[in-house]
Amino acid sequence: MKKVTFILLSLVFISCGSDSHLLDGKVTDASGAPVENVLVQVMGTDLNSTTNAKGEFRINTKNRGDELILTHPDYQMSRIDIGENSEFSIELIEKKNQVPEK
């Protein structure tokens, strides 16, 4: 009986593990400098992450969504197709000042 219980629990954990798609990436600006505090979200979900000081992020999509959305107040929003990729190198475009400061 213990063997049957162990096998059943093992199958449950294995099936839970298949609900995982871990993505790693780095976000930079046009000069190649890392961009910190970029919000990285899986489109249509509540799954998100934020880039660190090196511009790096890691996010588990849990096989939901097929697009990443990257936002930062100083840069244009970017949408990236996930596809079969697990590593990303993303360059953000800086927003142009729409209203000059006085």
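Refer to the structure printed above.
The present account deals with the structure reproduced in this document. (Residues numbered from 1 in each chain as written. Predicted model: local features only at pLDDT ≥ 70, side-chain atom pairs only at ≥ 80, totals over all residues. Heavy atoms only, no water.)

**Side note on the pairing of strand β5 (residues 67-72)**
Consideration 1: Among the six residues in β5, five count as buried, and that is most of the element.
Consideration 2: Here strand β2 (residues 39-42) pairs with β5 via four bridges, running antiparallel. The residue bridging Val40 from the neighbouring strand is Leu70, located in β5.
Consideration 3: Direction of pairing for β5 relative to strand β6 (residues 75-81): antiparallel, over a ladder of five bridges. When the bridges of β6 are listed, Leu68 appears paired with Ile80.
Consideration 4: Hairpin remark: β5 followed by β6, antiparallel, with two residues in the connecting loop. (Buried < 20%, exposed > 50% of the residue type's maximum accessible area, 1.4 Å probe, protein only. Helix = DSSP H or I, 4+ residues; strand = E, 2+ residues; numbered from the N terminus. Pairing = 2+ DSSP bridges.)

**Topic: the sheet that holds strand β3 (residues 48-50)**
Consideration 1: Strand order in the open sheet formed by four strands is β3-β2-β5-β6, with antiparallel pairing between adjacent strands. At either end of the open sheet lies a strand with only one pairing partner, and these are β3 and β6. Averaged over all adjacent pairs, the angle separating strand axes in this sheet is 20°, with direction ignored. (Axes fitted to C-alpha atoms, helices over the stretch in contact; angles between N-to-C directions.)

**Focus: the nonpolar core**
Consideration 1: Core analysis: the largest hydrophobic core is formed by 17 residues, its most contacted members being Val27, Leu68, Leu70 and Ile90.
Consideration 2: Where this core is concerned, the elements lending two or more residues are β1 (22-28), β2, β4 (56-60), β5, β6 and β7 (87-91).
Consideration 3: Excluding residues within four positions of it along the chain, Leu68 makes contact with Leu23, Val40, Gln41, Val42, Phe57, Ile59, Ser78, Arg79, Ile80, Ile82 and Phe88. (Core = buried A, V, L, I, M, F, W, Y, C linked by side-chain atoms within 4.5 Å. Contact = heavy atoms within 4.5 Å.)

**Comments concerning the pattern of salt bridges**
Consideration 1: Counting across every chain of the model gives three salt bridges.
Consideration 2: With its nearest N and O atoms 2.6 Å apart, the salt bridge here joins Asp24 to Arg58. In this pair, Asp24 sits in strand β1 while Arg58 sits in strand β4, placing the two residues 34 residues apart along the sequence.
Consideration 3: Taking the shortest distance from any N to any O, the salt bridge between Asp46 and Arg64 comes out at 3.6 Å. Taken together, the residues span a long stretch of sequence, with Asp46 in the loop between β2 and β3 and Arg64 in the loop between β4 and β5 at a distance of 18 residues. (Salt bridge = Lys/Arg side-chain N within 4 Å of Asp/Glu carboxyl O.)

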